[in-house]
Amino acid sequence: MQEVTETKKQSFLSGLTGQIIIAMVLGAILGIILHNTISPEAAQLFSGKIKMLATIFIRLVQMIISPLVFTTLVVGIAKLGDIKTVGRIGGKAIGWFFTASFISLLIGLFYVNILQPGVGLKLDHVDMAAASEVTGKTQNLSFDNFVEHIVPKSIVEAMATNEILQIVVFSIFFGLAAASLGEKVKPIIGAFDKLSHIVLKMVNYVMKFAPIGVFGAIAGVFAIRDAEELVITYFKFFGSFLIGISTLWIILIAIGYIFLKGRMTELLRRITGPLAIAFGTTSSEAVFPKLTEELEGFGVKDKIVSFMLPLGYSFNLDGSMMYMTFASIFIAQFYNVHLDLGTQMAMLLVLMLTSKGIAGVPRASLVVVAATCGMFDIPIEGIALILPIDHFCDMFRSATNVLGNALATSVVGQWEENKE
């Protein structure tokens, strides 16, 4: 029995998830030691250099995403066969995404009103200049920008900038056209199928670099942030946020057990690695290829995975949605801006729509929060209040986004399987 336990322990430590957890701990220890022993200028320089490890890892993943989305989605749609089937699955997907978004936004709204983390908070030395990068992007958040993020003017440009939603739109048209031509295009679809398997093989090579990327990301943050000071200053904000995100996890997992029954346990086991990578790198995009592989291994048909995941990464960011209402009203509370329930519900609906147009925008959640504050006469510079703690919130947001998309894809996959 002891031998079995030891084997499991060794297997965990040598596996990807175990390596990532070790990398997180080592990165945090190194960052904290350096923060307390070297000058702030040296720490800033170190942080910039060590974070390059995370940047390299994320860029390696990004180079795979466009060809993977295009090839798998075209093959998946060609296998689906017709517009009616695509429309049916797409309708289920969008229905799930908007319901999940609404629930996530409500959870954020509920806890920020009950716990009121912004009321009576005193924050000194807030760096307003640091917010300029985020607030400068809010002018782009409009209906025109929303359309531009959906409809590609060039598939080459969309692939070059990893605009997943635009690639999805082109791939749907391409896949439907290919399906309508039948036998003539089978060799091309077969070639795309083989190409997607080559890209998935590349995923295995890239993921070996994940622990190094996570180590760089964590060490870089702790080197320039005083962990003890952040805990004390933002205890109520971060604690309230964690209560909200934990509630969302409980609801998502409970829904998973309702629809998937006992198989939900296996799904959670399979996505542990992707969850750890998203948590460590604060990038749900970084796990897209690995998540694709794990969901297919879980038993979801490749045509469903290739259709659902790209849509989910644009429309189904549950963790980010919960954070948006939470952060927006937190800023209002700090500045003593009273928002009645009707106004808060209007804010919720605005967030529901505007958040769908910013897939691929760096620090997208903060951009949407800043824009929403501007719409409701909340000081837009209030975004600077949450910047110091945002990275740590983003770790939980990113992991939650991965859980939400894995669940949505698995449930819709099971619905389609039952239909067949």
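Cut-offs and rules
- The numbers attached to residues start from 1 for each chain and follow its sequence in the written order.
- Per-residue local features are limited, in this predicted model, to residues with pLDDT of at least 70; the limit for side-chain atom pairs, both in listing and counting, is 80 or more; totals at the level of whole chains, interfaces and linings are taken over all residues.
- Think of the side-chain values as coming from all heavy atoms in the structure, minus any hydrogens and water.
- Nonpolar cores are built from buried Ala, Val, Leu, Ile, Met, Phe, Trp, Tyr and Cys residues. Side-chain atoms within 4.5 Å join them into one set.
- Three labels apply to residues, based on accessible area from a 1.4 Å probe with only protein chains included: buried if under 20% of the type maximum, exposed if over 50%, partly exposed otherwise in between.
- Counting from the N terminus, the helices are the DSSP runs of H or I reaching at least four residues and the strands are the DSSP runs of E reaching at least two.
- Contacts are assigned to residue pairs that have any heavy atoms within 4.5 Å of one another.
- Nonpolar side chains (Val, Leu, Ile, Met, Phe, Trp, Tyr) are joined into patches within 5 Å and like charges within 9 Å, using only residues with over 30% relative accessible area and no salt bridge.
- Residue burial considers only the protein chains on display, and all accessible areas are found by Shrake-Rupley using a 1.4 Å probe.
- Salt bridges are defined as contacts in which a side-chain nitrogen from Lys or Arg sits within 4 Å of a carboxyl oxygen from Asp or Glu.
- In this analysis, axes come from line fits to C-alpha atoms, helices being fitted only over the stretch in contact, and the angle between any two N-to-C directions falls in the range 0 to 180 degrees.
- What sets the label is the angle itself: under 35 degrees gives roughly parallel, over 145 gives roughly antiparallel, 65 to 115 gives roughly perpendicular, and the rest give oblique.
- Nonpolar residues are Ala, Val, Leu, Ile, Met, Phe, Trp, Tyr, Cys and Pro. Charged residues are Asp, Glu, Lys and Arg, and all others, Gly as well, are polar.
- Stacked, edge-to-face and tilted labels apply to pairs of Phe, Tyr and Trp rings (six-membered ring for Trp) whose centres lie within 6.5 Å, assigned for plane angles under 30 degrees, over 60, and everything in between, in that order.
- Note on criteria: charge over ring means Lys NZ or Arg CZ within 6 Å of the ring centre, with the direction from the centre no more than 35 degrees off the ring normal.
- UniProt positions are given in the numbering used here, feature names are shortened, and annotations may be inferred rather than shown by experiment.

Chemist: I'd love a proper account of the nonpolar core, names of residues and values included.
Modeler: In this structure, Phe57 and Phe237 are the most contacted members of the largest nonpolar core, which totals 118 residues. Ranked by the residues each element gives to this core, the list is headed by helix 20 (residues 383-419), at 16 residues. Apart from residues lying up to four places away in sequence, Phe237 is in contact with Pro117, Tyr323, Phe326, Phe330, Ile386, Ile389 and Cys393.

Chemist: Provide a residue-level description of a nonpolar patch on the surface, including the pertinent values.
Modeler: A surface patch of nonpolar side chains, amounting to about 500 Å² of accessible area, comprises Ile21, Ile22, Val25, Leu26, Ile29 and Ile33. Mapped onto the secondary structure, Ile22 falls in helix 2 (residues 16-37).

Chemist: So what's going on with the packing of helix 13 (residues 263-270) against helix 14 (residues 272-281)? Residues and values would help.
Modeler: Contact geometry for helix 13 and helix 14: axes closest at 4 Å, N-to-C directions at 45°. Accordingly, the angle class assigned to the pair helix 13 and helix 14 is oblique. Here Leu268, Arg269 and Arg270 of helix 13 come into contact with helix 14, specifically with Thr272, Gly273 and Pro274. Tallied by class, residues from the contact of helix 13 with helix 14 come to 2 nonpolar, 2 polar and 2 charged.

Chemist: A description of the packing of aromatic side chains should follow, citing residues and the corresponding values.
Modeler: The tally for this structure, following the rule as stated, stands at 20 aromatic pairs. Ring geometry for Phe238 against Phe241: centres 6.3 Å apart, planes inclined by 25°, an arrangement best described as stacked. A residue pair is termed a helical-turn pair when its members lie 3 or 4 positions apart in one helix, as Phe238 and Phe241 do in helix 12 (residues 235-260) at 3 residues. Among the aromatic residues, those joined into a cluster by ring pairs are Tyr234, Phe237, Phe238, Phe241, Phe279, Tyr323, Phe326, Phe330 and Phe396. Between Arg263 and the ring centre of Phe298, over which it is positioned, the NZ or CZ distance is 4.1 Å.

Chemist: Now, about the environment of Ala219: what can you tell me, with residues and values included?
Modeler: Along the polypeptide, Ala219 turns up in helix 10 (residues 210-224). Taking the C-alpha atoms as reference points, Ala219 and Gly27, 192 residues apart in sequence, are found 4.2 Å from one another.

Chemist: Which residues make up the pattern of salt bridges, and what are the values?
Modeler: Enumeration according to the criterion identifies 9 salt bridges in this entry. Close ionic contact of Arg88 with Glu416 constitutes a salt bridge, the shortest N to O distance being 2.5 Å. With Arg88 in helix 4 (residues 83-115) and Glu416 in helix 20, this residue pair connects regions lying 328 residues apart in the sequence. Under the relative-accessibility criterion, Arg88 is labelled partly exposed at 27%. For Glu416, a relative accessible area of 3% puts it in the buried group. One salt bridge connects Arg270 with Glu294, and the closest N-O pair in it is separated by 3.1 Å. Highlighted residues: Arg270 in helix 13 and Glu294 in helix 15 (residues 288-298), separated in sequence by 24 residues.

Chemist: Would you mind going over the UniProt feature "transmembrane region" (unreviewed entry) in the protein chain in detail, with residue names and values included?
Modeler: Per the UniProt record, "transmembrane region" (unreviewed entry) is found at residues 12-36, 56-81, 93-114, 164-182, 203-225, 237-260, 311-335 and 341-359. Along residues 203-225 one finds 87% helix and 0% strand; the C-alpha atoms at either end are 32 Å apart. Its end C-alpha atoms 34 Å apart, residues 237-260 is made of 100% helix and 0% strand.

Chemist: Outline unusual backbone geometry, listing residues and values.
Modeler: Residue Gln116 is not a glycine yet carries a positive backbone phi of 45°. Its location among the elements puts Gln116 in the loop between helix 4 and helix 5 (132-135). According to the relative accessible area criterion, Gln116 is partly exposed, its value standing at 37%. If you check the backbone angles, Asp377 has positive phi at about 55° while not being a glycine.

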